[in-house]
Amino acid sequence: MGVNLYIDPGKLPAFTVSKELETMYTSNDIRREAYYNAYLVMNGFIPEKHLLVGRKSENVVQNSTKGMRVSEAYLNRAEAYARKYLLTKDEQMRMAALSDLNILREARFTEPYVKLEIMNGDELLKSCLDERRRELSFEDHRWFDLRRLGMPAIQHTFSITNGQIRTYHLEKGSSKYVLPIAREVKDRNPELEK
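Residues numbered from 1 in each chain as written. Predicted model: local features only at pLDDT ≥ 70, side-chain atom pairs only at ≥ 80, totals over all residues. Heavy atoms only, no water.

Undergrad: For this particular structure, what's the right way to read the packing of helix α3 (residues 70–88) against helix α4 (residues 91–106)?
TA: Helices that pack against each other are described as a pair by the angle of their axes relative to one another and the distance between those axes. Axis separation between α3 and α4 bottoms out at 8 Å; the angle between their running directions is 155°. Viewed along their axes, α3 and α4 adopt a mutual orientation that is roughly antiparallel. In this structure, the crossing between α3 and α4 has a hand that is left-handed. From α3, Ser71, Tyr74, Leu75, Arg77, Ala78, Tyr81, Ala82, Lys84, Tyr85 and Thr88 reach across to α4, where they touch Glu91, Met93, Arg94, Ala96, Ala97, Asp100, Leu101, Ile103 and Leu104. The residue makeup of the contact of α3 with α4, split by class, is twelve nonpolar, two polar and five charged. (Axes fitted to C-alpha atoms, helices over the stretch in contact; angles between N-to-C directions. Helix = DSSP H or I, 4+ residues; strand = E, 2+ residues; numbered from the N terminus. Parallel < 35°, antiparallel > 145°, perpendicular 65-115°, else oblique. Left-handed = near helix turned anticlockwise from the far one by under 90°. Contact = heavy atoms within 4.5 Å. Nonpolar A, V, L, I, M, F, W, Y, C, P; charged D, E, K, R; others polar.)

Undergrad: Just checking my understanding: could you explain the packing of aromatic side chains for this structure?
TA: Given two aromatic rings, one states the distance between the centres and the angle between the planes to describe the pair. In total, this model carries two aromatic pairs according to the counting rule given. Taking 5.8 Å as the distance between ring centres and 35° as the angle between the ring planes, the aromatic pair formed by phenylalanine 109 and tyrosine 113 counts as tilted. Summarising the burial analysis for this pair, phenylalanine 109 and tyrosine 113 share the class buried. Ring geometry for tryptophan 143 versus tyrosine 177: centroids 4.8 Å apart, planes at 25°, classification stacked. You can see tryptophan 143 sitting in helix α6 (residues 142–148) and its partner tyrosine 177 sitting in the loop between β4 (164–170) and α7 (183–188), a full 34 residues away along the chain. Owing to a relative accessible area of 34%, tryptophan 143 belongs among the partly exposed residues under this scheme. (Phe/Tyr/Trp six-rings, centres within 6.5 Å; stacked < 30°, edge-to-face > 60°. Buried < 20%, exposed > 50% of the residue type's maximum accessible area, 1.4 Å probe, protein only.)

Undergrad: When you look at α3 in this model, what are you seeing that I'm missing?
TA: Helical periodicity: at 3.6 residues per turn, an α-helix aligns residues three or four positions apart in one direction. Given a rise of 1.5 Å per residue, 19 residues ought to cover 27 Å, and the 27 Å separating the end C-alpha atoms of α3 matches this to within 8%. The set of residues buried in α3 consists of Ser71, Glu72, Leu75, Ala78, Glu79, Ala82 and Tyr85. Viewed end-on, α3 has its buried residues packed into an arc of 150°, placing them on one side of the element. Opposite its buried face, α3 presents the exposed residues Val70 and Leu87, each directed more than 90 degrees away. The elements touched by buried residues of α3 are α4, α5 (121–135) and α6. One or two steps after α3, the chain reaches lysine 89, where phi turns positive at roughly 60°. (Expected span 1.5 Å × (residues − 1). Arc of directions from axis to C-beta.)

Dropping the structure here:
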């Protein structure tokens, strides 16, 4: 289920879209409207993310499903191809990664869509990861992606009440990236560590 928060009139929601994510969507990316704007305040609530249905459609369906979407499979495979290209310099891997990215992106941008043509392996991998962030935003993937990508340092500044700004830091590789094993589980299996 998505995040549903009641918002008092005149107060900011506790959780909003980061400026970094907001700027990742270009004006011709239909996900900007379907994902980002659907997440904004609507009748005093932040609604669940609306999943895009169909190709280049303005139809959206409120859907709280969990699972894997076809777009995630394309992104997973594109990333795998990009990583393999970085290791082997096999041109077929680069082309396969670009093909998967372009198939997905063609259904996400208004006309005219310009296909990606990336020659540099590092740029290709970055494009795969950026596309993953845009496509899977608000679907509970980001935390796990950050963990598997090296647990980078994170800083968030919150201002829930006007004039009360709090900044939270998570250091690179912090043990806080991993939730502790519940005591009940440890009691059942004392062989578990951490």
